[in-house]
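# Residue-level structure breakdown
This is what each chain is made of:
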There are 2 protein chains.
Amino acid sequence: MLIQSRDNPKIKEYIRLRDKRSERESAGAFILEGARLIDDAIRENAGLISAFYTRASAEKFCRTVEALRSLLNDKAYEITEEVSLKMSGTVAPQGIYACASRLDKTPSLDKIVYGEKFLVLNGLADPGNIGTVLRTADAVGISGVYLCGCCDIYNPKTVRSTMGSLFRVPIEDRMTYADAVAALKAAGVSVYASVVDKDAESLRGFNFPPCSAVVIGNEGNGLSDDDVKLCDGRITIKMSGTVESLNAATAAALFLWELSK
Amino acid sequence: MLIQSRDNPKIKEYIRLRDKRSERESAGAFILEGARLIDDAIRENAGLISAFYTRASAEKFCRTVEALRSLLNDKAYEITEEVSLKMSGTVAPQGIYACASRLDKTPSLDKIVYGEKFLVLNGLADPGNIGTVLRTADAVGISGVYLCGCCDIYNPKTVRSTMGSLFRVPIEDRMTYADAVAALKAAGVSVYASVVDKDAESLRGFNFPPCSAVVIGNEGNGLSDDDVKLCDGRITIKMSGTVESLNAATAAALFLWELSK
């Protein structure tokens, strides 16, 4: 089927999912733009609901569009260039889009294996930061990420910045911080707070127990004292000179690197 | 003096410096917006040329404005709110601005001390990435950063994202990549290329010689084969699963962390 109108209900639904967290949450769905991200979603068996492609993109990304057609049948729609421009969040759209269901690969704490590591993000507000951190967590082989009070992991900017890691890393984004920490501790995982405090233990050379988690706090404010108290220990990155703190995604990367040693 | 017109030559010059790399290069100057950045510049003795503040900002940031007045005398101008709105690059301007001379704190290779480490950025294109990397380099105590074919370090977005590290880390941004590597090697510094290649040496556990430098390449393309050949070795971050690469600022952070051990 060819969709020619920007007011087609499917297109309007896509745009609502693109723009509004509340829509994504009530529909339990999110959007993907671009061939690379859609290829990742197909490879990782993400639950695609529908797809949209221009004639030009069907030529350029023929294998991707073929895969979408065979997966989705009549839920893969051809669209005009004009409709594509309306859907795109980029300046140079590739003309290929999809809607997917919320991911259901959550961290499993039932049977923790020796050496499993977890990450808790508490109150991160920057969509790009969360995506970058997820990508790093994937690269170092983290078993699961808890997002508590963070901005939406299904924000298109976040999804894009994960570079496909969103489909691979088990994620839990519906627990409170206190519940996530309690669940980890109950499963035998030691939980460490990342803090900016010269008196905390130094990350450099810290020996994490075999099953450990690290908590990273908000970009500007870090973790509150109450949040820190729930953890088993406090760890800091010792810095030279007058540097006050690192970018949150950078700090998370160094913690993940040491955690996954 | 009170500047009331958005067409005042001083204001127009500020805006040109804000918007155009070519202007910054020909004038040898750049702009700073916000009290925190200007405080950093004052503390680190950056070469301030002029400053602009609204009456409201003079009340809110009285110590900063006092310091600017005593440093700059009649080159510290009061401006109207309307002029401030024209100058600001943010949605909620603080109403305090300055122009500063290009920094002249360059890395010194004349007398390298045991343990000195350097960073070479080759072709980085994202202003935010460069700022974040500079902040990390400062935090781990890097002796100097060479920027070769990168986007402008004096871009307002980069300046902001360095969080003051721009004023502290010695920077050289006018050498070619080949010249920078040659100068480092001539000074006895071992230079290592950061690559994405499973056959390269692993960063994890790599023993950098006491005086070493790491080269980070462009966000999308990494380093070219020719660029790598100029180095003494090739090092990679081994990644799990299907992850292809890390964000450039993240990769740089991990290299800097291991380099500065």
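Below or above, wherever it landed, is the structure these notes cover. (Residues numbered from 1 in each chain as written. Chains lettered and ligands numbered in written order. Predicted model: local features only at pLDDT ≥ 70, side-chain atom pairs only at ≥ 80, totals over all residues. Heavy atoms only, no water.)

In this section: the interface of chain B and chain A. Chain B puts 29 residues into the contact, and the matching count from chain A is 29 residues. Regarding the contact of chain B and chain A, the summed buried area is about 2,600 Å², with carbon and sulfur atoms giving 54% of it. Three residues stand out in chain B for area buried against chain A, namely Arg135(B), Arg204(B) and Trp257(B), and they jointly supply 29% of the buried area on that side. For the pair chain B and chain A, the number of links is zero salt bridges. Taken together, the links from chain B to chain A amount to 14 residue pairs in polar contact (both at pLDDT 80 or more). Mapped onto the side of chain B that touches chain A, the elements with two or more residues apiece are helix 7 (127-139) and helix 11 (248-259) of chain B. Of the residues assigned to the side of chain B that touches chain A, the class counts are 10 nonpolar, nine polar and 10 charged. (Contact = heavy atoms within 4.5 Å. Buried area = accessible area lost by both parts, 1.4 Å probe. Salt bridge = Lys/Arg side-chain N within 4 Å of Asp/Glu carboxyl O. Polar contact = N/O pair within 3.5 Å; in protein donor to acceptor, adjacent residues only side chain to side chain. Helix = DSSP H or I, 4+ residues; strand = E, 2+ residues; numbered from the N terminus. Nonpolar A, V, L, I, M, F, W, Y, C, P; charged D, E, K, R; others polar.)

Another aspect to go through is the side chain of Thr136(A). Here Thr136(A) lies in helix 7 (residues 127-139). Beyond its immediate chain neighbours, meaning those up to four positions away, Thr136(A) contacts Ala253(A), Leu256(A), Leu246(B) and Thr250(B).

On to a positive patch on the surface, then. Together, Lys157(A), Arg160(A), Lys157(B) and Arg160(B) make up a region of like positive charge exposed at the surface. Mapped by element, the contributors of at least two residues to the positive patch are helix 8 (156-161) of chain A together with helix 8 (156-161) of chain B. Position of Lys157(A) relative to the elements: it lies in helix 8. Accessibility expressed as a relative area gives 44% for Lys157(A), which makes it partly exposed. (Patch = residues over 30% accessible without salt bridge, like charges linked within 9 Å, V, L, I, M, F, W, Y side chains within 5 Å. Areas by Shrake-Rupley, 256 points an atom, 1.4 Å probe, with all protein chains shown as cover. Lys, Arg positive; Asp, Glu negative; His and termini not counted. Charge placed at Lys NZ, Arg CZ, Asp CG, Glu CD. Buried < 20%, exposed > 50% of the residue type's maximum accessible area, 1.4 Å probe, protein only.)

Turning chain B through 180 degrees and shifting it by 0.0 Å along the axis lays it on chain A, with an RMSD of 0.0 Å. Accordingly, the operation relating the two chain copies is best matched by a two-fold axis. Comparing interface residues between copies, 100% of those in chain B also sit at the interface in chain A, which points to an isologous, same-surface contact. (Least-squares fit on C-alpha atoms with pLDDT ≥ 70 in both.)

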